[in-house]
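Examination of the molecular architecture
Spelled out from the first residue to the last, the chains are:
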Amino acid sequence: MKTTIPYLISTLCLGVFILSGCDDNSSLVGSSLTPDRDKITIYSDTFHIQASTVYRDSLFSKTTYGLLGEYFDPLYGRLKADYLCQFYCEDEFKFSDTPNQNKIDSIYLVLYYSETGNPNTPFQFRIIPVTKPLDKVYYSNANPADYCDLNTVWGSQVYTAASGTVYSDSIQISEKEYLVPRMMKIRLPHELGQKIYEETVNNPASFKTQQAFNEFFPGIYVTTGYGSGCLFNIERTDIRIDYHTIHKSSKGTDSTAYYSAPFITTKEVIQLNRFENSDTEQLLTANDDFSFIKTPAGIYTRLVLPAKEIKPVIEGRMINSMMFNLKFMPNEDWPYSLKPPPHLLLIQEDSVDVFFRERRIEDNFTSFLSSSNEQSGNNGYSATYRTYYFNNIATLLAYHLAVSPDEDLRVLLVPVSRETSSNYTTAIRNFLSPSGVKLRTGKEQMKVSVASSKYENK
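If you look at the biggest cluster of nonpolar residues, it comprises 40 residues, and the most contacted ones within it are Leu84, Leu272, Leu345, Phe356 and Val414. Of all the secondary-structure elements, those providing two or more residues to this core are β4 (66-73), β5 (77-85), β14 (271-278), β16 (299-305), β18 (343-348), α5 (352-357) and β21 (409-421). Sequence-distant contacts of Phe356, defined by excluding residues within four places in its chain, comprise Phe60, Leu345, Val414, Val416, Ile428, Arg429 and Asn430.

On to the side chain of Thr160, then. Turning to its location among the elements, Thr160 is positioned in the loop between β8 (155-159) and β9 (165-166). Among the residues examined, Thr160 registers a relative accessible area of 18% and is labelled buried.

On to the pairing of strand β15 (residues 290-295), then. Summarising burial for β15: 5 of the 6 residues are buried, a large majority. Pairing of β15 with strand β23 (residues 435-440), which is carried by 6 bridges, proceeds in the antiparallel orientation. Bridging across to β23, Ile293 finds its partner in Val437.

A few words now on helix α1 (residues 190-202). With 13 residues, α1 ought to run about 18 Å at 1.5 Å a step, and its terminal C-alpha atoms sit 18 Å apart, in line with that. All buried positions along α1 are accounted for by Leu192, Gly193, Gln194, Ile196, Tyr197, Glu199 and Thr200. Those residues of α1 hidden inside the fold are in contact with β6 (106-117), α2 (210-216), β12 (230-248) and β13 (254-264).

The subject of this paragraph is the pattern of salt bridges. On inspection of all chains with the given rule, the structure shows 14 salt bridges. In this structure, Asp45 engages Arg317 in a salt bridge whose closest nitrogen and oxygen atoms are separated by 3.0 Å. Taken together, the positions of Asp45 in strand β2 (residues 38-48) and Arg317 in the loop between α4 (307-313) and β17 (318-327) put the pair 272 residues apart, joining distant regions of the chain. Just as Asp45 is buried, Arg317 falls in that class too. A salt bridge links Glu70 to Arg78; its shortest N-O distance comes to 3.1 Å. Residue class for Glu70 comes out buried when judged on its relative accessible area of 16%.

Together, Phe365, Tyr399 and Val403 give the surface a local cluster of nonpolar side chains, amounting to about 260 Å² of exposed area. In this structure, Val403 sits in helix α6 (residues 394-403). Look at Val403 and you get partly exposed, because its relative accessible area is 48%.

This part is about the environment of Ile361. Relative to the helices and strands, Ile361 resides in the loop between α5 and β19 (367-369). Classification of Ile361 as partly exposed rests on a relative accessible area of 34%. For the pair Ile361 and Thr426, spaced 65 residues apart in sequence, the C-alpha separation works out to 7.2 Å. For Ile361, the residues in contact, after removing those within four places along its chain, are Phe355, Ser367, Thr425, Thr426, Ala427 and Ile428.

Moving on, we come to unusual backbone geometry. With an omega of -10 degrees, the peptide bond between Thr295 and Pro296 qualifies as cis. Tracing the sequence through the fold places Pro296 in the loop between β15 and β16. For Glu92, which is not a glycine, the phi torsion comes out positive at approximately 60 degrees. Here Glu92 is to be found in the loop between β5 and β6. On the accessibility criterion, Glu92 (47% relative accessible area) is partly exposed. A positive phi angle, near 55 degrees, is found at Asn364, a position not held by glycine. Looking at the element boundaries, Asn364 is found in the loop between α5 and β19.

Before going further, it helps to examine the packing of aromatic side chains. A full pass over the atoms with the stated rule returns 27 aromatic pairs. When the centroid spacing of 6.1 Å and the interplanar angle of 40 degrees are considered together, the rings of Phe87 and Phe217 count as tilted. On the criterion of sequence distance, the pair formed by Phe87 in the loop between β5 and β6 and Phe217 in the loop between α2 and β11 (220-226) is long-range, its members being 130 residues apart. Judged by its relative accessible area of 0%, Phe87 falls in the buried class. Judged by centre distance (5.3 Å) and plane angle (15 degrees), the ring pair of Tyr243 and Tyr259 falls under stacked. Of this pair, Tyr243 sits in strand β12 while Tyr259 sits in strand β13; the two residues are 16 residues apart in sequence, bridging distant segments of the chain. Of the residues examined, Tyr259 reaches a relative accessible area of 28% and is grouped as partly exposed. An aromatic cluster is present here, built from Phe87, Phe93, Phe95, Trp154, Tyr197, Phe207, Phe213, Phe216, Phe217, Tyr243, Tyr259 and Phe263 joined pairwise through their rings. Above the plane of the ring of Tyr43 lies Arg317, whose end atom (NZ or CZ) is 3.6 Å from the centre. The ring centre of Phe290 lies 4.4 Å from the NZ or CZ of Lys438, which sits over that ring.

With that settled, consider empty space enclosed by the protein. Considering all chains together, one arrives at 3 cavities of 30 Å³ or more under this definition. When its volume is computed, the largest cavity comes out at roughly 70 Å³. Lining the largest cavity, in full, are Tyr76, Phe328, Met329, Pro330, Asn331, Glu332, Ser337, Leu338, Pro340, Gly436, Val437 and Lys438. In this structure, the second largest cavity spans a volume of roughly 60 Å³.

This part covers the pairing of strand β20 (residues 387-390). Neither face of β20 is left uncovered, since the one carrying Thr387 and Tyr389 and the one carrying Tyr388 and Phe390 both have all their residues buried. Inspection of the sheet shows β17 paired to β20 by 4 bridges, in the antiparallel sense. Counted as the bridge partner of Lys327 is Thr387 from β20.

Rules used in this analysis
Numbering of residues starts from 1 in each chain and follows the order in which that chain's sequence is written. Only residues with pLDDT of at least 70 are given local features in this predicted model, and only at 80 or more are side-chain atom pairs given and counted; all residues enter the totals for whole chains, interfaces and linings. Heavy atoms from the whole structure form the basis of all side-chain values; hydrogens and water molecules are not counted. Buried residues of nine kinds, namely Ala, Val, Leu, Ile, Met, Phe, Trp, Tyr and Cys, make up a nonpolar core once their side-chain atoms join them within 4.5 Å. Classification of residues uses two cut-offs on accessible area relative to the type maximum, computed with a 1.4 Å probe and protein chains only: under 20% is buried, over 50% is exposed, and between them is partly exposed. By the criteria applied, helices consist of DSSP H or I runs no shorter than four residues and strands consist of E runs no shorter than two, each listed in order from the N terminus. Two residues form a contact once any of their heavy atoms are found within 4.5 Å. Two strands qualify as a pair provided DSSP detects at least 2 bridges between them. A helix's residues, less one, multiplied by 1.5 Å, set its expected span. Whenever a carboxyl oxygen of Asp or Glu lies within 4 Å of a side-chain nitrogen of Lys or Arg, that contact is scored as a salt bridge. The patch calculation keeps residues exceeding 30% relative accessible area without a salt bridge and links them within 9 Å when they carry like charges or within 5 Å when they are nonpolar (Val, Leu, Ile, Met, Phe, Trp, Tyr). Surface exposure here means Shrake-Rupley accessible area, sampled with a 1.4 Å probe, where a residue is shielded only by the protein chains that are shown. Note on ring pairs: Phe, Tyr and Trp rings are taken, using the six-membered ring of Trp, and paired if centres are within 6.5 Å. Classes follow the plane angle, with under 30 degrees stacked, over 60 edge-to-face and the rest tilted. Throughout this description, the term charge over a ring refers to an Arg CZ or Lys NZ atom that lies within 6 Å of the ring centre and within 35 degrees of the ring normal. With a 1 Å grid spanning the protein atoms alone, the term cavity applies to any set of points in which a 1.4 Å probe fits but cannot get out, the term pocket to an open set with protein on both sides within 12 Å along at least five of seven lines, and the term lining residue to any residue with an atom within 4 Å of a point. Grid points are joined across faces, edges and corners, and a volume is the space filled by probe spheres set on the points.

Without other data, these values stay purely geometric and don't point to any function.
Okay, structure coming up:
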């Protein structure tokens, strides 16, 4: 179905539409000199988009952030998350000083986190040693049993999110600035810390390079034994070995100095995030009024733009702009309901994997980020109007018609996080924090406007 509105212009200064991105309030009119007998007809056609909810069984999840715990949402279902990780070791690492009597004091796993869900839910955290090298396969369906003996537990401790120590030092809380960063410590076996120290003394080659350290210490698996109702957004994972030294002065008095030897997760090492989703059948059931997006779950909205219908209508014209928006429902009315993801990436369905694997950013040619249509801010949707805007995807339509003119255009809406510098995108990643959005996909909401023009020589 389409609606066509033609406009006829005859003047020395003719409107020339451009293909670059613009918002709804921006002028699309340029100017050029043409003979008075030349005319441009401008058309505006409206078409309907089909929408459905689809599931992809894994997503690319290379990040230094982790997700830990279990949460159930009455609409979006259950999510359980944990992760495996290595630790960064600087080349030629050694302890800053010799521990007193060559004995360390303690070793802890330290987690810096914020939370989604009920902060008073008790969880049992379990730390399991990795025994086989982690693969550089950063997909969310990793099997911990491929890398660990799940019956060997290095540490176990019960925490609630609220019981963690408030952490006031500088630490990035990506996409979650409104949450309070906290810290929890889980004691690890004393002999592990002692073994690491003695290795630095007896076999320093194990710390010569990162690869050597990974062979000596392959990493850990961080998971939960019991608990449900909260997800811990792990901003950083550290192993910290505490020790002290005693120094005697020339006057015979003793002084004690305390040290920590840290090993942390960084982008230089491997972290495998694992997500299990269940009770999502209602999201994937065919629905004429709504489609859904859930993270981190691989539950996306697929759009089918009617390229086969558009092609004969605009034959012989120049495509000037193609705009549409997506409206969503308010948050569900229950405690700790999921919030919408911050940005949506519109991309051809067969390009999703390579986009994230090659760490691309939107090119406004075949991939586009949603906008809030506001002059300031870095949001990908308008909270006031509950709308994700896509201001001009004309280049994608033109490209598709050139390479696949006999097929409709199938795209996915993928929830992403965006890093910026001076409001320019520097990185795009799959959004791995808990979120959910219910898009309105009824016939009246799923319209797309195509502006085109035709130069006529009279």
